[in-house]
Amino acid sequence: EHLYRIKGWGEPYFSINTVGHVTVSPEGDRGGSLDLYELVESLRRRNIGLPLLIRFSDILADRIERLNACFAKAIARYNYPNVYRGVYPIKCNQHRHIVESLVRYGKPFQFGLEAGSKPELMIALATLEPAENPQNNQSPLLICNGYKDREYIETALLATRIGLKPIIVIEQLKEVDIAIEISRQFGIKPILGVRAKLSSKGIGRWGNSSGERAKFGLTIPEILAVVHRLQASEMLDCLQLLHYHVGSQISSITVVKDAIREAAQIYGELVNLGASMQYLDVGGGLGVDYDGSKTNFYVSKNYNMQNYANDIVAEVQEACAERNIAAPVLISESGRAITAHHSVLIFDVLGSSEVPRTPSLPGTEKEHLIVRNIRETYNLINEENYQETFHDAMQFKEEAISLFNFGYLSLKERAKVEEIYWACCGKISEIVKKQDYVPDDLEDLEKIMASIYYVNLSVFQSAADAWAIDQLFPIMPIHRLTEEPTQKGILADLTCDSDGKIDKFIDLKDVKDVLELHPLKAEQSSSNNVDSKDPYYLGMFLVGAYQEIMGNLHNLFGDTNVVHIKMNPKGHQIEYLVKGDTITEVLGYVQYNGEDLLETIRHRTEQALQDNRITLEEAQLLLQDYERSLRRYTYLVDSH
Ligand code: PLP
């Protein structure tokens, strides 16, 4: 358990049961749980192939409830005289079932949506439920962020007519002029906000989303210009919201505090300038603890959701009390913290390759001196000389390659040298494992000796951030957890790209280069045996935020199968199944038509038949295979 740190990142949703399987408790501490391995097996019996993304709808519900409960608790604790109204930023995961579920689960909390682009605005307009009386404070908010053209602003403004409560957040100066013009044209009084570029900087990977040179938002002089333009149009009462976003995955609570302190002052100044301020929107940034370390700068955080809510509420409360102004409705746009936990990607291992641990090629009397030398080195390795013999073995291997390149060593002899070299590394790494101190020059030995586990997955499609920005996700086997994982490996995906691998894993201290895994059962290790009766399943956890939409079609591996699982009094049920892309579908994205391709192949077989280059049976088989493949999943098909 400690190897995978599941307690750190998984609680209260993921744990390990007594038979060594990962258990999921989608309703946190309150509800039932299910065995993830059994679930995967039962989905495969329904012909739902791997890789497979499993979404737990109840985790989404639990996250929304938790976030609201934390703010409610903070509001009660500090006697904050106003309310919290969260919104879900659609950009984080736009899939329909997710947005619709969040709107449904968010209803008791008047949870709204945030759109960052025109397509997201279209989703929001059709998904949020119009209020019967939009004037009352019960309507969920629709925060309209992102760069806007006339059409965006017009659509958002007209949405007030169908009972929605859009707030147009000015991100660029020219947007205010368009908003003024359109509101006059239709006689609609808009609710406007401004996004401020705070000088308090975020830290971490997304830290440059704020600061004076950030891409988004208005500088203080620009905010003043908005105030003046609205004043000149007698519309300053429309300015009601202040928004900022210092970056996603804020790792330090100090950054949260600095930002809210600065924003609360700007808010107070806007009140003084005569704006009818009502809302303070703190953006996203609430972090997820991907490794459970509470320390790692990029993938962890030094605070919890309650600390986050407390600090925001307390800072605003204090600033407003000091100025004697009304406290605003607090809005946050947490996406990552709401969606990350609810998706797990399950994939199978197709085979593995290991470096040889013992020399298999027999020694002979007359073998080349270099082979004899390295063989002798192998035999001599012991606890006293392991560091020195490592360098000897390395030197002999390098010499052997030079000799080979000059034609003085045969391929067979070179094979012997390489095999014995790996065997030396294996023997030395066993000794190193027992030492309290690992010499610097042997630190990489574990990495060099790592097995490669070939997995049925595209990193580019399913874990884009692992490739693009070295994001770490917890990865672990979902079964066999009562057995000791004796192998150390890295994961290589299906793409023909050397970047299509995962060789950085979460660790207590920082990051580790290898993952503890179980040896594959006999038929799996005989490379790429997809017909295995004894599969080895790995899970990549906390992938519900951003990964799906960032994924790309490298090598034309498409969207994976997705199932939504919902708990019910009898256990659980499959709420939705979204089939992954077929080969025809991905070919369509790059403008190939499956039927046309098939027709070309048919033509070619006819030609070959005429020229007697193929038998009719072979031609039929080729066409059948081609046609069937067009309808298939883009990943390796398992026949478990
Ligand atoms: N709001 C805005 C304006 C954003 O740009 C983002 C994403 O970076 C978010 C909210 C969501 O942030 P997070 O996923 O960290 O909650």
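Fair warning: this is a prediction, and the values are worked out from it, not measured in the lab.

## Some points on the overall build of the protein
Helix and strand counts for the protein come out as 22 helices and 23 strands. Each principal axis of the C-alpha atoms in the protein carries an extent, and together these give about 100 × 70 × 55 Å. Residue burial in the protein is summarised as follows: out of 640 residues, 44% are buried. When contacts within the protein are restricted to residue pairs at least 6 apart in sequence, long-range pairs at least 24 apart make up 76% of them.

## Structural notes on the sheet that holds strand β11 (residues 279-281)
Here we have 8 strands laid out as an open sheet, ordered β5-β6-β7-β8-β9-β10-β11-β12, and parallel in their pairing. Lying at the two open borders of the sheet, with one neighbouring strand each, are β5 (87-89) and β12 (329-331). Across the sheet, the mean angle separating the axes of adjacent strands is 25° when strand polarity is ignored. Each of β10 (239-243) and β11 touches helix α9 (residues 253-272); the most contacted strand, β10, lies at about 165° to it.

## Brief notes about the nonpolar core
One finds L142, A263, V316, I346, V455 and F473 to be the most contacted residues of the largest nonpolar core, which totals 152 residues. The element that contributes the greatest number of residues to this core is helix α3 (residues 57-77), accounting for 9 residues. Formed by 21 residues, the second largest nonpolar core is a distinct cluster that contains I370, I381, F396 and V417.

## Thoughts on the UniProt feature "coiled-coil region" (unreviewed entry) in the protein
With numbering aligned to this structure, UniProt lists the feature "coiled-coil region" (unreviewed entry) at residues 609-636. Across residues 609-636, the secondary structure splits into 64% helix and 0% strand, with the terminal C-alpha atoms separated by 31 Å.

## Observations concerning the site of the ligand
Taken together, 17 residues sit near the ligand, with S248, G284, E333, G335 and R336 positioned nearest. Its residues assigned to classes, the shell around the ligand shows 5 nonpolar, 9 polar and 3 charged.

## Points about the environment of L587
Topologically, L587 is positioned in helix α20 (residues 583-589). Between the C-alpha atoms of L587 and G558, which are 29 residues apart in sequence, the distance is 9.7 Å. In this structure L587 touches Y592 and G594, once residues within four positions along its chain are discounted.

## Section: helix α21 (residues 594-610)
End to end, α21 covers 25 Å across 17 residues, agreeing with the expected 24 Å (1.5 Å per residue, within 8%). Among the residues trailing α21, N612 stands out with phi positive, at a value near 60°.

## Some thoughts on the pairing of strand β13 (residues 343-353)
Among the 11 residues of β13, 9 are classified as buried, and the element is accordingly described as predominantly covered. Judged from the 4 bridges that link them, β13 and strand β21 (residues 537-540) form a sheet pairing that is antiparallel. Note on β21: the bridge partner recorded for I346 is G539. Pairing between β13 and strand β14 (residues 451-455): 4 bridges, direction antiparallel. Across the sheet, S352 pairs through a bridge with Y453, a residue of β14.

## Describing the sheet that holds strand β1 (residues 14-16)
Strand order in the open sheet formed by 3 strands is β1-β2-β3, with antiparallel pairing between adjacent strands. Both edges of this open sheet fall to β1 and β3 (34-35), since each of them pairs with a single strand only. Both strand β2 (residues 22-24) and β3 contribute to a ladder of 2 bridges, which runs antiparallel. The partner of T23 across the bridge, within β3, is D35.

## Some points on the domain arrangement of the protein
Domain assignment breaks the protein into domain 1 (1-77 + 342-351 + 450-580), domain 2 (80-334), domain 3 (369-446) and domain 4 (585-631). On a C-alpha basis, the centroid separation for the pair domain 1 and domain 2 is 33 Å. Among the secondary structure elements, those contributing two or more residues to the side of domain 1 that touches domain 2 are α1 (6-10), α3 and α19 (547-550). Per-element accounting of the side of domain 1 that touches domain 2 gives the leading share, 13 residues, to α3.

## Details of α3
The end-to-end C-alpha distance of α3 is 30 Å, a good match for the 30 Å that 21 residues give at a rise of 1.5 Å each. Two residues or fewer after α3 comes N79, characterised by a positive phi angle close to 50°.

## Concerning unusual backbone geometry
Omega for the peptide link from E11 to P12 comes to 5°, which places this bond in the cis form. The residue P12 is located in the loop between α1 and β1 in this model. Of note, the bond from L50 into P51 is cis; its omega dihedral lies within 30 degrees of zero at 0°. Note on placement: P51 falls in the loop between α2 (36-45) and β4 (52-56).

## Focus on the packing of α3 against helix α10 (residues 305-323)
Here α3 crosses α10 at 45°, and the two axes come no closer than 8 Å. One finds that α3 runs oblique with respect to α10. When the axes of α3 and α10 are compared, the crossing they make is right-handed. Counted together, R66, L67, C70, F71, K73, A74, I75 and R77 of α3 and M305, Q306, A309, N310 and V313 of α10 form the full contact between these two elements.

## A short note on the packing of helix α12 (residues 369-380) against helix α13 (residues 386-405)
One way to put it is that α12 packs onto α13 with a least axis distance of 10 Å and a crossing angle of 165°. Accordingly, the angle class assigned to the pair α12 and α13 is roughly antiparallel. In terms of crossing hand, the pair formed by α12 and α13 is left-handed. Across the interface between the two elements, I370, N373, I374, T377 and L380 of α12 pack against T389, D392, A393, F396, K397, E399, A400 and L403 of α13.

## Quick notes on the environment of E114
Here E114 is to be found in strand β6 (residues 112-115). A C-alpha to C-alpha distance of 32 Å links E114 and I506, two positions 392 residues apart in sequence. Contact partners of E114, with chain neighbours within four places excluded, come to V87, Y88, P89, I90, I143, N145 and E333.

What counts and how
- Residues numbered from 1 in each chain as written.
- Predicted model: local features only at pLDDT ≥ 70, side-chain atom pairs only at ≥ 80, totals over all residues.
- Helix = DSSP H or I, 4+ residues; strand = E, 2+ residues; numbered from the N terminus.
- Buried ≥ 20, exposed ≤ 12 C-beta atoms within 10 Å, placed from the backbone.
- Contact = placed C-beta atoms within 7 Å.
- Pairing = 2+ DSSP bridges.
- Axes fitted to C-alpha atoms, helices over the stretch in contact; angles between N-to-C directions.
- Core = buried A, V, L, I, M, F, W, Y, C linked by C-beta atoms within 7 Å.
- UniProt positions renumbered as here; feature names shortened; annotations may be inferred.
- Near = placed C-beta within 6 Å.
- Nonpolar A, V, L, I, M, F, W, Y, C, P; charged D, E, K, R; others polar.
- Expected span 1.5 Å × (residues − 1).
- Domains from an automatic or database assignment.
- Parallel < 35°, antiparallel > 145°, perpendicular 65-115°, else oblique.
- Left-handed = near helix turned anticlockwise from the far one by under 90°.

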